[in-house]
Amino acid sequence: MSMEKTGPRVFSGGIWEERYGYARAVVIGERVIVSGCTATVDGELQHVGDAYLQSRTAMDIALEAVEMGGLTRVDVVMVRYYVVDHDHFDRVGQAIAEVFGDVRPACTGVRVAGLVDPRMLVEIEIEALRA
């Protein structure tokens, strides 16, 4: 996946960005707001059945967008994640802890009825801010 920045917008070329009319991320001053990311790479869902690996892939995509917006992992202040199965909270939380370590952003986890593709187990949004 290759991201591109056009003014204050970052695009990953993901299939839903064009279809639903949104950007992967929006840069507002010293803030980068990243849309929900799943483990979809080049139109194909990765790691079917594995919430942990889907989380890692989604965060990789989100963090690449943060970097395209001019910030880094240490600037992340908020993580929101949505899971479709209560049993996935711990696996996703483990992935978040591994990726963010001592950054310790604010975090919200929500269980939802489903995501756009029934094979998707998690969707992750992040926000970064240069303090």
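Everything below is about the structure printed above this text.
The numbering scheme is per chain: residues are counted from 1 as the chain's sequence reads. Reporting in this predicted model follows two pLDDT cut-offs: at least 70 for local features of residues, and 80 or more for side-chain atom pairs to be given and counted; totals over whole chains, interfaces and linings ignore these cut-offs and use all residues. Note that water and hydrogens are dropped before the side-chain values are worked out from all heavy atoms of the structure.

Considering the sheet that holds strand β4 (residues 31-37)
Across a sheet, strands are paired by hydrogen bonds formed along the backbone, either parallel or antiparallel in direction.
Now for step 1: Only strands joined by at least two bridges in the DSSP assignment are considered to pair. Comment: elements are numbered from the N terminus, with helices defined as DSSP H or I runs of at least four residues and strands as E runs of at least two. Across the sheet, seven strands lie side by side as β1-β2-β3-β4-β9-β7-β8; this open sheet has mixed pairing. Lying at the two open borders of the sheet, with one neighbouring strand each, are β1 (4-6) and β8 (106-111). Ignoring strand direction, the axes of neighbouring strands in this sheet form an average angle of 15°.
Now for step 2: As paired elements, strand β7 (residues 76-83) and strand β9 (residues 122-129) share seven bridges and run antiparallel to each other. Residue pairing in the sheet places M78 in a bridge with E127 of β9.
Now for step 3: Here helix α2 (residues 51-68) sits on the sheet in contact with β1, β2 (9-11), β3 (25-28), β4, β7 and β9, set at roughly 30° to β9.
Now for step 4: It only takes one pair of heavy atoms within 4.5 Å for two residues to be counted as in contact. With axes taken as lines fitted to C-alpha atoms, and helix axes fitted only over the stretch in contact, angles between N-to-C directions fall between 0 and 180 degrees. Sheet contacts for helix α3 (residues 89-100): β7, β8 and β9; angle to β7, the most-contacted strand, approximately 160°.

Here's the deal with the packing of α2 against α3
Now for step 1: The contact between α2 and α3 brings their axes to 8 Å, and the two run at 40°. In terms of their interaxial angle, α2 and α3 are classed as oblique. In this structure, α2 meets α3 at a crossing whose hand is right-handed. Contacts between α2 and α3 pair A51, Y52, S55, R56, M59 and L63 from the former with R91, V92, Q94, A95, I96, E98, V99 and F100 from the latter.
Now for step 2: Along the lines of polarity and charge, the residues of the contact of α2 with α3 split into nine nonpolar, two polar and three charged. Should an angle fall under 35 degrees it is called roughly parallel, over 145 degrees roughly antiparallel, and 65 to 115 degrees roughly perpendicular, with every other angle called oblique. A clockwise turn of the near helix away from the far one marks a right-handed crossing, whereas an anticlockwise turn of less than a right angle marks a left-handed crossing. Gly counts as polar in this scheme, as do all residues outside two lists: the nonpolar Ala, Val, Leu, Ile, Met, Phe, Trp, Tyr, Cys and Pro, and the charged Asp, Glu, Lys and Arg.

Here we look at the pattern of salt bridges
Now for step 1: One side-chain nitrogen of Lys or Arg within 4 Å of one carboxyl oxygen of Asp or Glu is enough to make a salt bridge. According to the stated counting rule, one finds seven salt bridges in the structure shown.
Now for step 2: Residue E127 is joined to R31 by a salt bridge in which the shortest nitrogen-to-oxygen separation is 2.7 Å. Of this pair, E127 sits in strand β9 while R31 sits in strand β4; the two residues are 96 residues apart in sequence, bridging distant segments of the chain.
Now for step 3: Owing to a relative accessible area of 12%, E127 belongs among the buried residues under this scheme.
Now for step 4: Between E98 and R56 there is a salt bridge, with the nearest N and O atoms lying 2.8 Å from each other. In this pair, E98 is assigned in helix α3 and R56 in helix α2, connecting sequence segments 42 residues apart.
Now for step 5: A cluster of three or more residues bridged by salt bridges with shared partners is formed by R31, R80, E125 and E127. When a residue's accessible area, from a 1.4 Å probe over protein chains only, is under 20% of the maximum for its type it is buried; when over 50% it is exposed; and in between it is partly exposed.

From the geometry alone we can't say anything about function, so treat these as descriptive.
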